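What the coordinates show
Residue-level listing of the chains:
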Amino acid sequence: MSNWEAGDPYTIQVQYVKMVGPRRAEQLARLKLFTLHDLLYHFPREYLDRSQLRSPFDLSSGDNVTVLGRVLSCQENRTRKNLTITKAALEGDRGVFYAVWFNRLHLKKALKPGTQLYISGKLKRNFGHLEVQVQDYEIITGEGDAIHAGRIVPVYHTTSGITQRMLRTFMHAALEQWQHSYREFLPSQVLEQVGLMALPEALKQVHFPDSHALAEQARRRFIFEELFLFQLQLALLRHQIVRVEKQHRYGPDSRLTRQYLAGLKFTLTTAQSRVVGEIMADMASLHPMNRLLQGDVGSGKTVVAVLTLLKAVENGMQGALMAPTEVLAEQHYLAMDNALAPLGVRVALFSGGLPARERRALLEQLAAGEVAIAVGTQALLHEDVVFKKLAVVVIDEQHRFGVRQRGILQKKGVYPDLLIMTATPIPRTLSMTVYGDLDVSVIDALPPGRQPVRTYFVAPEELPRVFTFVAQQVSKGHQAYVVCPLVEESEKVDLQAAVDLYEQLAVGALHRCRVALLHGRMKRADKEVIMQQFRAGRLDVLVSTTVIEVGVDVPNASVMVIVDADRFGLAQLHQLRGRVGRGAEQAHCILAARLRSREAAERIKAMKTSQDGFYLAEKDLQIRGPGDMAGVRQSGLPEFRLANLLRDRELLREARRQARALISADPDFRTGEYHLLRLALERFNQEGSSYLHIG
Ligand SMILES: Nc1ncnc2c1ncn2[C@@H]1O[C@H](COP(=O)(O)OP(=O)(O)OP(=O)(O)O)[C@@H](O)[C@H]1O
């Protein structure tokens, strides 16, 4: 089924773009560019302005210039170090200057006398000569546009073997051939009301803009496009849910809830009680609950989750709890089983490591309704997991799951009451647009008696003293974490650093303590054993990479040492610090780092000043500046190709307004004009993992 005049850009393989071919296509695959569409939606990361032609005679040494010249003569020399130097004498508007290229074999052939070209590069004054060391050039043929120089030039993220020049050439060829077969899929009234550039023109202007203003307009269109498709997804989910009437109803029975509350060592905070009230009201309604529960680290979301699940159980139905990692699923399982087994509630962990036979047995018990609460990772969404009567699903940590997982549940024809928990501190106004289809509850106060975590900064040389302190704390019966960074690009080196530190500590400063190493590469079973021992107090110190980042709850742990703290983002530091100070004891967080940049220094300073996730999130933005794309990646918000949810708030709001209007007027996309939009949306849904990075 093709809706495209010259083939479908989503299926045309990139190798068929002129000048690409199979070998380059393999290299482009490393950039995840497989189809023509992937290529054209690989937007420039920045632009170089090579549009202002200047006379080299007006400029000084060291300047970056773009100039126009005509070849007078050209020679090629080879140095003793086997370097090829091509030097051309060019005639400019006010005299002769020189252009120099290094290692451009065969270039001389193209630079015949009389050839006109643009060159961009660095200007040098050499004994009275003017010389440009060429970074890019373009021979003027009289046919087609200039793409490398003499204009605003795109710069792309690229990979080894693929130069900027190649990418520009491919992009240009693709545009020439296909630009006009790309048809607009945004409805005309949306284009008009939002004032957006139409698709074919935007494709051209985003890659080869005629001015900075046009580049900006083109980007604005693509940003809107992403946000609009995203908001359409949300609006559709919401529309479907609002129409649905629940199959299940809850009775007045609250026997288990009362027993559970009576067994807690504390009473609920006002904030927790309020939130539970909001949830119960949703559950009593005819339509499924769709609620986001926000609460800072350690604010006590777990109790709320248990109460939500119990409501189903005491009414003869089942609940599911999904966690982002196996370690967390296991922790939730242990805590719940501990609290609920005495009440006769059967909780089961569907861990990935389960032997097939046990898994089958558990699945049968689940289908028979003997298991009341299933805990697991998103594997719980798997087809073979069948409940007898599922009423409630609690999802821990929204950003790792997201819209698509919710879609999967609904596609199964299951409309349970849904509670999504997150510790990501997003300003309320924003969360309403990002999680547009959800109602929001906030636990805005910590349990009483918590003392702020004392936060210190030390230089790496002071670490021995820090570990002596750790040993002292252990001798008083406390536990500690030592966290080392693990960055994907340098994973091996980082892992080794963690292993080395562990070995040093085990025989050195912490030789009297029971120390263990925990990292993501270990076998699942080994990790579980270590976590169990740590939780049970049979280990004193856990040296780990960031596997403990979210959600680990060991209230007796009171010291957190973060090594190379400058390599963590603020959101991560806050999450890590949140692992301690979860009991009544005074807790300590020690950040060890060498501060190489202003940003790192400001992050550490912010950590020392505040313990409030919302404050730190705002601060993080200020430190990064609004243009920083990496900022979103670490803030726990969904990521997009071009859009930045924080920077593009206005456009996000507009996208939401338009999406909601469209869905409420025509939820089935019956209007003829929406045909292409529906296809685009289907693709957007399918490509969820690569196009819209949630999770
Ligand atoms: N009302 C309360 N009074 C005292 N302690 C509480 C209260 N509610 C929860 N706690 C305790 O506070 C600790 C943190 O709670 P919990 O693990 O639910 O936090 P959380 O919101 O899930 O945090 P995170 O996002 O860090 O996982 C737990 O040890 C829990 O037993």
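Note: the structure precedes this text.
Residues numbered from 1 in each chain as written. Predicted model: local features only at pLDDT ≥ 70, side-chain atom pairs only at ≥ 80, totals over all residues. Heavy atoms only, no water.

A look at the overall build of the chain
Note the following rule: The way it works is that DSSP assigns letters per residue, a run of H or I at least four long becomes a helix, a run of E at least two long becomes a strand, and they are numbered from the N terminus. Contacts were defined at the residue level, with two residues in contact if any of their heavy atoms lie within 4.5 Å. Computed with a 1.4 Å probe, the accessible areas rest on the Shrake-Rupley method; for each residue, only the protein chains presented here act as cover.
Check the secondary structure of the chain and you find 24 helices and 20 strands. The contacts in the chain between residues at least 6 apart in sequence include a share of 73% that link residues at least 24 apart. Of the roughly 31500 Å² that the chain leaves accessible, carbon and sulfur atoms contribute 51%.

Description of the sheet that holds strand β13 (residues 417-422)
Quick note on the threshold: Paired strands, in this sense, are two strands between which DSSP finds at least two bridges. Interaxial angle, 0 to 180 degrees, is taken between N-to-C directions of lines fitted to C-alpha atoms, where a helix line uses only the stretch in contact.
Read across the open sheet, the seven strands follow the order β10-β11-β9-β12-β13-β8-β14; overall the sheet is parallel. What marks the edges here is a single partner per strand, and that holds for β10 (347-350) and β14 (439-443). Neighbouring strand axes in the sheet, compared pairwise and without regard to direction, differ in orientation by 20° on average. In this sheet, strand β11 (residues 373-376) lies alongside β10 in parallel orientation, the contact comprising four bridges. Note on β11: the bridge partner recorded for L349 is V375. Against the sheet, helix α11 (residues 326-340) touches β9 (318-322), β10, β11 and β12 (390-396), its axis set at about 165° to β10.

Comments concerning the site of the ligand
Filter applied, for reference: A cutoff of 4 Å decides nearness: a residue is near a molecule or strand if any of its heavy atoms lies inside that distance of it. Here a polar contact means two N or O atoms within 3.5 Å. Within protein one must be a hydrogen donor candidate and the other an acceptor candidate, and residues neighboring in sequence count only if both atoms are side-chain atoms. Under the grouping applied here, Gly and all other residues not named as nonpolar or charged are polar, the nonpolar ones being Ala, Val, Leu, Ile, Met, Phe, Trp, Tyr, Cys and Pro and the charged ones Asp, Glu, Lys and Arg.
Around the ligand sit 20 residues in total, of which Q272, G298, K301, T302 and R450 are the nearest. Note that an oxygen atom of the ligand is positioned 2.8 Å from one of the side-chain N or O atoms of T302. The fraction of the free accessible surface of the ligand (640 Å²) that becomes covered by protein chains is 87%. A per-class count over the shell around the ligand returns six nonpolar, eight polar and six charged.

Let's talk about the pattern of salt bridges
We apply this condition: One side-chain nitrogen of Lys or Arg within 4 Å of one carboxyl oxygen of Asp or Glu is enough to make a salt bridge. Working definition: with a 1.4 Å probe on protein chains only, accessible area under 20% of the residue-type maximum means buried, over 50% means exposed, and in between means partly exposed.
One pass over the full model with this rule turns up 25 salt bridges. Among the ionic pairs, E131 bridges to K87, the shortest N-O distance being 3.8 Å. Highlighted residues: E131 in strand β6 (residues 129-139) and K87 in strand β3 (residues 84-92), separated in sequence by 44 residues. When its relative accessible area of 7% is taken as the criterion, E131 is described as buried. By sharing partners, the salt bridges in this structure join R274, E278, D282, R291 and D444 into a single network.

Remarks on helix α22 (residues 649-665)
The α-helix winds at 3.6 residues per turn, so residues separated by three or four positions along the chain end up facing the same way. Put simply, the test is: Take the number of residues in a helix, subtract one, and multiply by 1.5 Å to get its expected span.
For α22, which comprises 17 residues, the first-to-last C-alpha distance of 24 Å matches the rise-based estimate of 24 Å (1.5 Å per residue) to within 8%. Turning to α22, its buried residues number three or more, namely L651, L652, E654, A655, R656, Q658, A659, L662 and I663.

Focus on the pairing of strand β17 (residues 515-518)
Put simply, the rule is: Assignment of crossover handedness uses the view with strands pointing away from the viewer, where a clockwise path from the first strand over the helix to the second indicates a right-handed crossover.
Side-chain alternation along β17 places V515 and L517 on one buried face and A516 and L518 on a second face that is also buried. Note that β17 and strand β18 (residues 541-544) share four bridges and pair parallel. Across the sheet, L518 pairs through a bridge with S544, a residue of β18. Following the chain from β17 across helix α17 (residues 524-535) to the adjacent parallel β18, one finds a crossover that is right-handed.

Some words on the pairing of β3
Remark: a regular strand shows side chains that alternate across the two faces of the sheet. Inspection of the sheet shows strand β2 (residues 64-78) paired to β3 by eight bridges, in the antiparallel sense. Paired with R70 across the bridge in β3 is E91. Connecting β2 to the next strand, β3, in antiparallel fashion are five residues, including N82 with a positive phi near 65°. Two elements, β3 and strand β4 (residues 95-102), share eight bridges in a ladder whose sense is antiparallel.

Digging into the packing of aromatic side chains
Inclusion rule: Here the aromatic set is Phe, Tyr and Trp, taking the six-membered ring for Trp, and pairing holds for ring centres within 6.5 Å; pairs whose planes are under 30 degrees apart are stacked, those over 60 apart are edge-to-face, and all others are tilted. Any Lys NZ or Arg CZ found within 6 Å of a ring centre and within 35 degrees of that ring's normal is scored as a charge over the ring.
A complete count under the given rule lists seven aromatic pairs for this structure. For the pair Y41 and F222, a centre-to-centre distance of 5.3 Å together with 75° between the ring planes defines the contact as edge-to-face. Note that Y41 is positioned in the loop between α2 (36-40) and β1 (46-49) and F222 in helix α7 (residues 212-243), a separation of 181 residues in sequence. Each member of the pair, Y41 together with F222, is buried. Arranged with centres 4.6 Å apart and planes meeting at 35°, the rings of F43 and F222 form a pair that is tilted. Of this pair, F43 sits in the loop between α2 and β1 while F222 sits in helix α7; the two residues are 179 residues apart in sequence, bridging distant segments of the chain. F43 gets classed as buried once you look at its relative accessible area, which sits at 8%. An aromatic cluster of at least three residues, connected via ring pairs, comprises Y41, F43 and F222. In this structure, K87 packs its charged tip against the face of Y98, placed 5.1 Å from the ring centre.

A word on the sheet that holds strand β5 (residues 116-126)
The five strands lie next to each other as β2-β3-β4-β6-β5, forming a closed barrel whose pairing is mixed. With strand direction ignored, the average angle separating the axes of adjacent strands in the sheet is 50°.

Topic: the side chain of D417
Residue placement: D417 occurs in strand β13. Engagement of the side chain of D417 in a polar contact is seen with the side chain of Y250, the distance being 2.6 Å. For D417, the residues in contact, after removing those within four places along its chain, are K246, H248, Y250, D282, M283, H287, P288, M289, A391, V392 and V393.

Overview of a nonpolar patch on the surface
Counted only if it meets this: In this scheme, patches are assembled from residues that exceed 30% relative accessible area and form no salt bridge. Like charges are connected within 9 Å, while nonpolar side chains (Val, Leu, Ile, Met, Phe, Trp, Tyr) are connected within 5 Å.
Together, L53, L68 and I140 make up a nonpolar patch on the protein surface, roughly 210 Å² of accessible area in all. Look at I140 and you get partly exposed, because its relative accessible area is 32%.

Let's talk about the packing of helix α6 (residues 199-207) against α7
For any two helices packed against each other, one specifies the inter-axial angle together with the distance between the axes. Applied cut-off: Here the angle decides the label: under 35 degrees means roughly parallel, over 145 means roughly antiparallel, 65 to 115 means roughly perpendicular, and every other value means oblique. Note on convention: near helix rotated counterclockwise from far helix by under a right angle means a left-handed crossing. Clockwise means right-handed.
At a minimum axis separation of 8 Å, α6 and α7 run at an interaxial angle of 120°. Here α7 runs oblique to α6, going by the angle between their axes. The crossing of α6 and α7 is left-handed. Residues L199, A202, L203, Q205 and V206 of α6 lie in contact with α7, whose contacting residues are L214, A215, A218, R219, R221, F222 and E225. When grouped by side-chain class, the residues that make up the contact of α6 with α7 number eight nonpolar, one polar and three charged.

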